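A closer look at the structure
So you can see what is in the structure, the chains are spelled out below.
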Amino acid sequence: SEIIDKAHDVLVNYGFVYLSMQVRTGKTLTAMGTAQKLGVDNMLFVTKKKAISSIEDDYKLLSPKFHLTVINYESLHKVAGKYECIVLDEAHGMGAYPKPSKRTKMIKQIIKKQNPFVILMSGTPTPESFSQMYHQVYACPKNPFRHHATFYKFAKQYVDVVQIKIGAMPHNNYSNGRTSILDEMKPYMISYTQKEAGFKVKTVEEIIKVPMNPLTYKLTKELKKSNVIEGEDEVILADTGVKLMSKLHQLYSGTVKFESGKAQVIDKTKAEFIKTKFKNMKIGIFYIFKAEYDALKSVLGDTLTSDIKEFQETDKNIALQIVSGREGISLKEADCLVYYNIHFSALSYWQSRDRMTTKDSILNKVYWIFSDKGIEDKIYRAVSKKKDYTLRHFNKDLLSL
């Protein structure tokens with residue numbers, strides 16, 4: 001297969017390859033097929049205890065010419081004999097830092113003594129931090145970080161080190177590894193997703209309806225009745241069907257743009273609900289109107305950013321305007337996506353919803369925060385069927401709003 005050919009070439013050039021393949025995409029058979037292509041006589045396969053029998057089954061299925069020994073990481077001290085190829089399964093388990101774990105040190109000794117081809121495998125190479133990459137590959141003589149003899153030296157170039165206090169003592173926190181770590185690893189890594197293997201990522205959506213402040217309902221009722229609301233300084237005007245649709249769309253989520261062009265937050269219910277409901281999660285939020293970001297920012301404060309890099313490298317949540325955030329970016333670091341409001345466009349619905357699909361999990365969670373008795377679920381019904389929400393829909397829905 002194509003992956004085996006690629007892996008073979010990387011191994012011939014660098015002595016090691018990292019197969020970053022998602023669960024159930026055939027990592028084991030790929031590793032064995034690659035070893036067979038290299039023409040090795042002996043393979044050592046290091047894995048978790050629970051996986052040993054399934055690896056032995058794969059070996060029987062493939063029946064390659066080489067001899068196979070499968071052990072778990074806890075048995076590394078028993079390794080004897082000569083191996084031309086070593087497979088390190090679930091390699092992220094060797095990623096501890098700043099000091100190497102015991103198993104990492106033992107792997108380094110074995111590789112130093114035997115000088116084998118090394119195949120590392122993981123569906124999640126850096127589950128918590130890019131800094132986890134250093135010790136996974138440091139036993140490989142040609143790894144891209146070989147000029148940094150220790151993790152601390154590596155961290156000077158590749159990690160944004162932050163000082164934290166544990167008790168009264170200051171400690172260095174090395175978890176902010178830079179994306180340049182993955183850039184350095186590109187020539188050695190082969191990734192293969194479930195989608196490429198014919199898997200479908202499952203997206204689960206949940207609609208949550210929140211009762212808004214009485215003021216919101218008072219304003220929407222007034223606007224539907226008389227098409228205009230006059231305040232002391234500002235006017236909300238809905239003198240056409242399109243304008244009425246737009247103003248109600250704004251008001252039901254707690255903001256409004258006046259006739260003067262100024263916008264105002266009138267109800268922070270949705271932002272407060274998001275703060276409480278997703279308290280201990282890292283979330284990506286989509287909003288529509290600029291004032292909605294102001295509402296979110298006023299409630300979520302410093303825990304919210306609109307900068308994608310800051311979102312990827314810190315534990316902050318991100319809020320993006322749907323149209324600008326629906327394409328060309330990945331929010332794979334998010335635990336889930338949260339929609340503050342819903343766009344009239346079906347394209348926005350499908351593309352923005354897909355921002356997490358690069359995630360290693362097979363499940364994407366999407367939450368829609370709708371105002372109770374509002375317009376949003378009417379829009380949702382249209383766009384989820386790949387139809388834009390138009391004035392024609394709105395005029396039909398107006399009676400039930």
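Residues numbered from 1 in each chain as written. Predicted model: local features only at pLDDT ≥ 70, side-chain atom pairs only at ≥ 80, totals over all residues. Heavy atoms only, no water.

Here we come to the overall build of the protein chain. Across its full length, the protein chain carries 16 helices and 18 strands. For a compact globule of 401 residues, the expected C-alpha radius of gyration is about 21 Å, and the protein chain comes in at 27 Å, more than 25% above that figure. For the protein chain, the C-alpha atoms occupy an extent of roughly 90 × 55 × 30 Å along the three principal directions. For the protein chain, buried positions account for 48% of its 401 residues. Of all intrachain contacts in the protein chain linking residues separated by at least 6 positions in sequence, the fraction that spans at least 24 positions is 69%. Split by element, the accessible area of the protein chain, about 20100 Å² in all, is 53% carbon and sulfur. For the protein chain, the distance from the average site of its 61 positive side-chain charges to the average site of its 44 negative ones is 5 Å. (Helix = DSSP H or I, 4+ residues; strand = E, 2+ residues; numbered from the N terminus. Rg over C-alpha atoms; globule rule 2.2 N^0.38 Å. Buried < 20%, exposed > 50% of the residue type's maximum accessible area, 1.4 Å probe, protein only. Contact = heavy atoms within 4.5 Å. Areas by Shrake-Rupley, 256 points an atom, 1.4 Å probe, with all protein chains shown as cover. Lys, Arg positive; Asp, Glu negative; His and termini not counted. Charge placed at Lys NZ, Arg CZ, Asp CG, Glu CD.)

Now for the sheet that holds strand β4 (residues 85-88). Strand pairing in a sheet is mediated by backbone hydrogen bonds. Such pairs are either parallel or antiparallel. Reading across the sheet, the 6 strands line up as β3-β2-β4-β5-β1-β8 and stay open at both edges, with parallel pairing between neighbours. The outermost strands of the open sheet, each flanked by one partner alone, are β3 (67-72) and β8 (189-192). When the angles between neighbouring strand axes are averaged without regard to direction, this sheet yields 15°. When β4 meets strand β5 (residues 117-121), the two strands line up parallel, connected through 4 bridges. Bridged to Cys85 within β5 is Phe117. (Pairing = 2+ DSSP bridges. Axes fitted to C-alpha atoms, helices over the stretch in contact; angles between N-to-C directions.)

With that settled, the discussion passes to helix α9 (residues 241-251). Along an α-helix, residues three or four apart share an orientation, since each turn contains 3.6 residues. Within α9 the residues assigned to the buried category are Leu244, Met245, Lys247, Leu248, His249, Gln250 and Leu251. Those residues of α9 hidden inside the fold are in contact with α8 (214-226), β11 (235-237), β12 (255-257), α15 (376-383) and α16 (391-397).

Moving on, we come to the state of the cysteines. In the structure shown here, the tally under the stated rule is 0 disulfides. Take Cys85: it sits in no disulfide, and the sulfur closest to it among the cysteines is that of Cys140, at 11 Å. (Disulfide = S-S within 2.5 Å.)

The next point concerns the pairing of strand β2 (residues 42-47). Of all 6 residues making up β2, 5 are buried, and the element is well covered by its neighbours. Pairing of β2 with β4 involves 4 bridges; the strand directions are parallel. By the bridge assignment, Leu44 is partnered in β4 with Ile86.

Tracing the chain through its elements places Gly15 in the loop between α1 (2-14) and β1 (16-21). What makes Gly15 partly exposed here is its relative accessible area of 25%. On a C-alpha basis, the gap between Gly15 and Phe117 in space is 5.1 Å, while along the polypeptide they are 102 residues apart.

As a further point, take the pattern of salt bridges. Once the charged atoms of two side chains with opposite charge are near each other, the side chains can pair. Under the counting rule described, the total for this entry stands at 13 salt bridges. A salt bridge links Lys309 to Glu313, with the shortest nitrogen-to-oxygen separation between them at 2.9 Å. Of this pair, Lys309 and Glu313 both sit in helix α12 (residues 308-313), 4 residues apart, which is roughly one turn of the helix. (Salt bridge = Lys/Arg side-chain N within 4 Å of Asp/Glu carboxyl O.)

Once that is clear, we can look at a positive patch on the surface. Where like charges cluster on the molecular surface, the positive patch consists of Lys385, Lys387, Arg392 and Lys396. Tracing the sequence through the fold places Lys385 in the loop between α15 and α16. The exposed category is assigned to Lys385, whose relative accessible area is 57%. (Patch = residues over 30% accessible without salt bridge, like charges linked within 9 Å, V, L, I, M, F, W, Y side chains within 5 Å.)

Attention now moves to the side chain of Thr216. If you trace the backbone, Thr216 turns up in helix α8. Judged by its relative accessible area of 0%, Thr216 falls in the buried class. With sequence-adjacent residues up to four places away left out, Thr216 is seen in contact with Leu251, Tyr252, Ile266 and Asp267.

At the junction of Tyr97 and Pro98, the peptide bond is cis and its omega measures out at 0° in the coordinates. The residue Pro98 is located in the loop between β4 and α4 (102-114) in this model. Within the chain, Ser63 stands out as a residue other than glycine whose phi angle is a positive 35°. Tracing the chain through its elements places Ser63 in the loop between α3 (52-62) and β3. At Asn227, a position not held by glycine, the phi torsion is positive, near 60°.

A word on the nonpolar core. Counting 38 residues, the largest nonpolar core has Leu223, Trp368, Tyr389 and Phe394 as its most contacted members. Only α8, α9, β16 (317-321), β17 (336-339), α14 (346-353), β18 (363-371) and α15 provide two or more residues apiece to this core. Apart from residues no more than four positions distant in its own chain, Leu223 is found in contact with Val228, Ile229, Ile236, Ala238, Leu244, Lys247, Leu248 and Leu251. Listed in part, the 35 residues of the second largest apolar core include Leu120, Phe151, Phe154 and Tyr188. (Core = buried A, V, L, I, M, F, W, Y, C linked by side-chain atoms within 4.5 Å.)

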